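The residues making up each chain are set out below.
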Amino acid sequence: MMENSTSKTISRWSLFGPPPILEGEDAAAYDELVGRICAAVKPVDVIDEIFMADVAASEWEVLRWRRLKLSLLRARALKALEGFLRDKLDYDLYREHFVVELTPILQDNPAEDQAEDIAQTLAHECARNEPDAVDKVRAILAGIGLEINHILNRGKTRKAKELTQQYVRREPDAVKFIDEHLATAGVSIETLAAQALAQDLGYIERIDRLATIAESRRNASLHEIDRRRPILSETLRRSVQEVEDSEVIETTPAKGEALLDERSQDQSQPREC
């Protein structure tokens, strides 16, 4: 019976426009947020539904900004780790990646005496520093405006990215390799991330500001609900907090929410709208 009531309420929310879901966001998660709010509050009229729609949209925006901030922090940390590894890799570790980068270039730009099917062989010979192969490769690259060091750097970058992704997946060999190199250099991923984020503090501050604005809108809706139905307001606060607690991101109470809680507890009779 509760599920039918909740479904009807969600369907009625179409009156307030399409759900505020961006491409790539989890529509099922938004539906769950709406469903949990509806199930907890059990709105009795359209006014309740308007307030609940506002709270759901604002809360979804708060969670979006928090996810975006976390994504930015992780992306910058991983990019910094890639840069660190690129500077520390020995040639033997990325030699095969050099071959992978060089082979298609040689296939697209063969030497006069070179058949396309031996491009990979030439790349391997060059990677082993065989003099004739190195000279031939240099000549081919010079003809298209490239240098061998450029291809070496591409191979090194490819290997650094591969190691970083393996580290993210917690593959034992990559974890051991990277942890040892970080320890030898006397740094940590947090240190690398902090250095990389120094140039992005403005973006982070903007994200925090936008999250605060969304929290203020949510709290304003809660305040209006508090004026109309104190019991509904308290129930809705608990529902919203449960959603935030279930997020991967650790959250803290929004500014002003504690004050609203105190006011709600002091009230024994509903206020006039």
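Data block above holds the structure.
Residues numbered from 1 in each chain as written. Predicted model: local features only at pLDDT ≥ 70, side-chain atom pairs only at ≥ 80, totals over all residues. Heavy atoms only, no water.

**Q** In this structure, what is going on with the overall build of the protein chain? I would like to understand it.
**A** Each helix and strand in the protein chain was counted, giving 12 helices and 0 strands. Mapped from its N terminus to its C terminus, the protein chain presents α and β elements in the order α-α-α-α-α-α-α-α-α-α-α-α. The burial tally for the protein chain puts 40% of its 273 residues in the buried class. Sequence-distant contacts in the protein chain: of pairs separated by 6 or more residues, those separated by 24 or more amount to 75%. In the form shown here, the protein chain has an accessible surface area of approximately 16,100 Å², with 51% of it arising from carbon and sulfur atoms. (Helix = DSSP H or I, 4+ residues; strand = E, 2+ residues; numbered from the N terminus. Buried < 20%, exposed > 50% of the residue type's maximum accessible area, 1.4 Å probe, protein only. Contact = heavy atoms within 4.5 Å. Areas by Shrake-Rupley, 256 points an atom, 1.4 Å probe, with all protein chains shown as cover.)

**Q** Mind showing me how you'd approach the packing of aromatic side chains here?
**A** Where two aromatic rings form a pair, the distance of their centres and the angle of their planes describe that pair. Tallying each qualifying case throughout the model produces 2 aromatic pairs. Ring centres 5.3 Å apart and planes at 80° place the aromatic pair Y30 and W60 in the edge-to-face group. Here W60 lies in helix α3 (residues 46-88) and Y30 lies in helix α2 (residues 27-41), a separation of 30 residues in the sequence. By relative accessible area, which is 3% here, W60 ends up buried. A centroid spacing of 5.5 Å and a plane angle of 90° characterise the contact between Y91 and Y94, whose relative ring orientation is edge-to-face. A residue pair is termed a helical-turn pair when its members lie 3 or 4 positions apart in one helix, as Y91 and Y94 do in helix α4 (residues 91-108) at 3 residues. (Phe/Tyr/Trp six-rings, centres within 6.5 Å; stacked < 30°, edge-to-face > 60°.)

**Q** Would you take a moment to explain unusual backbone geometry for this structure?
**A** In terms of backbone geometry, most residues other than glycine have negative phi values and most peptide bonds are trans. The phi angle at N129 is positive, at roughly 65°, despite the residue not being glycine. Mapped onto the fold, N129 is located in the loop between α5 (119-127) and α6 (131-143). In this structure N129 comes out as exposed when scored by relative accessible area, which is 55%.

**Q** Explain helix α8 (residues 172-185) to me, please; I cannot follow it from the model alone.
**A** Working note: α-helix, 3.6 residues per turn, so residues spaced by three or four point in the same direction. With 14 residues, α8 extends 20 Å from end C-alpha to end C-alpha; this agrees with the ideal 20 Å at 1.5 Å per step. Within α8 the residues assigned to the buried category are A174, V175, F177, I178 and L182. Burial along α8 is one-sided: seen end-on, the buried residues are contained in an arc of 170°. Along α8, the residues that are exposed and aim more than 90 degrees away from the buried face are P172, D173, K176, A183 and T184. Of the residues one or two after α8, G186 is the one with positive phi, at around 70°. (Expected span 1.5 Å × (residues − 1). Arc of directions from axis to C-beta.)

**Q** What should I look at first to understand the nonpolar core in this one?
**A** The nonpolar side chains of a soluble globular protein tend to be buried, and buried together. Core analysis: the biggest nonpolar cluster contains 37 residues, and L81, L85, F98, L102, L106, C126 and V137 have the highest contact counts within it. Mapped by element, the contributors of at least two residues to this core are α3, α4, α5, α6, α7 (148-168), α8 and α9 (189-197). The residues contacting L85, other than those within four sequence positions of it, are A160, L163, T164, F177 and I178. Judged by nonpolar contacts, the second largest core, of 17 residues, contains Y30, F51, W60 and V243. (Core = buried A, V, L, I, M, F, W, Y, C linked by side-chain atoms within 4.5 Å.)

Scope: geometric values only; no functional claims are made or implied.
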